[in-house]
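Below, each chain spelled out in residue letters.
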Amino acid sequence: MANGQWYPPEWPERIRALAEGTLTPVTPRRAATVMLLKDTDTAPVVHMLRRRASMAFAGGAYAYPGGGVDPRDDDLHVRWAGPTRAWWASRLGVDETSAQAIVCAAVRETYEEAGVLLAGPAPDTVVGDTTGDDWEADRAALVARDLSFAEFLDRRGLVLRSDLLGAWTRWITPEFEPRRYDTWFFVAALPKGQRTRNASTEADRTVWIRPADAMDGYDKGDLLMMPPTIATLRQLGAYASAAEALAAAPGRDMTPVLARARLEDDELVLSWPGHDEFTKHIPTGGAPA
């Protein structure tokens, strides 16, 4: 039975064009996504959303809250708690201003798409319920990019809690994709007093699900996912609590994962280094296998 690996029908043609040198890769945009966890009596569950089928990129696929970096967050002052910007720059493999913007994107997108805010009025606090009308007005302004996240934090007198995030992995969209992202994946625990909701205009469903159940759905072909999503779910499945996953994050390898396409005999081979399960063999005149 086929699994739920997301594989757009236009990929073979684009892969061939890349291999033949007739396709010029676009520059990937910086992005961040967050695997939000909470503990249950049996195992931790992760918050996932299903992208609307009408979405141009990965429509119908299950993913985590996430999105592009706002360049305004590179250099605007942000009240900051946790590891320094220099520490984050080293961890993420970027300069300090980019590190701030990437961490801001992770926290902002979690708020925009799940209604969860990893920030508080003091370095050791987090806000409570964020479902009021005034909060919603600010969230809508963030989504519309009428308000930068740095400006939002300043207006509210909030401190960004970078210590509540753990950098997990980094994936770059394949060179043959027309929409490319250089995405840093983070892990975080749902703060006490907060709750998730489907606040995203890009999703038609949200779930809290055990990684094992999500993996089972993918393996059966019931849940559609992109390679980074199912790969991170398989990694999360090893941990018995959100705290365990967060504690493991600092030791994880952040070397970017980038798909490779090569011509081999009479077929194109698409592979993701370190993730053999996603390898596709594409006959020069047929469908992938």
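Keep in mind it's a predicted model, so treat the numbers as computed, not measured.

Participant: Looking at this model, I keep getting lost on the environment of R155. Mind explaining?
Facilitator: Relative to the assigned elements, R155 resides in helix α5 (residues 149-156). Those residues in contact with R155 that lie beyond four places of it in its chain are D138 and L147.

Participant: What am I meant to see in the sheet that holds strand β14 (residues 275-283) here?
Facilitator: Sheet strands pair via backbone hydrogen bonds, and the direction of the pair is either parallel or antiparallel. If you walk across this open sheet you meet the three strands as β12-β13-β14, and the pairing is antiparallel. Since the sheet does not close on itself, it has two edges, and those belong to β12 (260-264) and β14, each with one partner. Strand-to-strand twist of the sheet, defined as the mean angle between neighbouring strand axes without regard to direction, takes the value 20°. In this structure, β12 lies alongside strand β13 (residues 267-272), joined through five bridges in antiparallel fashion. Its bridge partner being in β13, A261 is matched across the sheet by L270.

Participant: Mind showing me how you'd approach the environment of R195 here?
Facilitator: Relative to the helices and strands, R195 resides in the loop between β9 (181-189) and β10 (203-209). Placed 191 residues apart in sequence, R195 and G4 show a C-alpha to C-alpha distance of 29 Å.

About the cut-offs
Residue numbers run consecutively from 1 along every chain, following the written order of its sequence. pLDDT decides what is reported in this predicted model: residues at 70 or higher carry local features, side-chain atom pairs at 80 or more are listed and counted, and totals for whole chains, interfaces and linings draw on all residues regardless. Side-chain measures here rest on the full set of heavy atoms in the structure, leaving out hydrogens and waters. The helix and strand labels rest on DSSP assignments: H or I over at least four residues marks a helix, E over at least two residues marks a strand, and numbering proceeds from the N terminus. Residues are treated as being in contact if the distance between any of their heavy atoms lies within 4.5 Å. Strands are treated as partners if at least two bridges between them are detected by DSSP. Interaxial angle, 0 to 180 degrees, is taken between N-to-C directions of lines fitted to C-alpha atoms, where a helix line uses only the stretch in contact.

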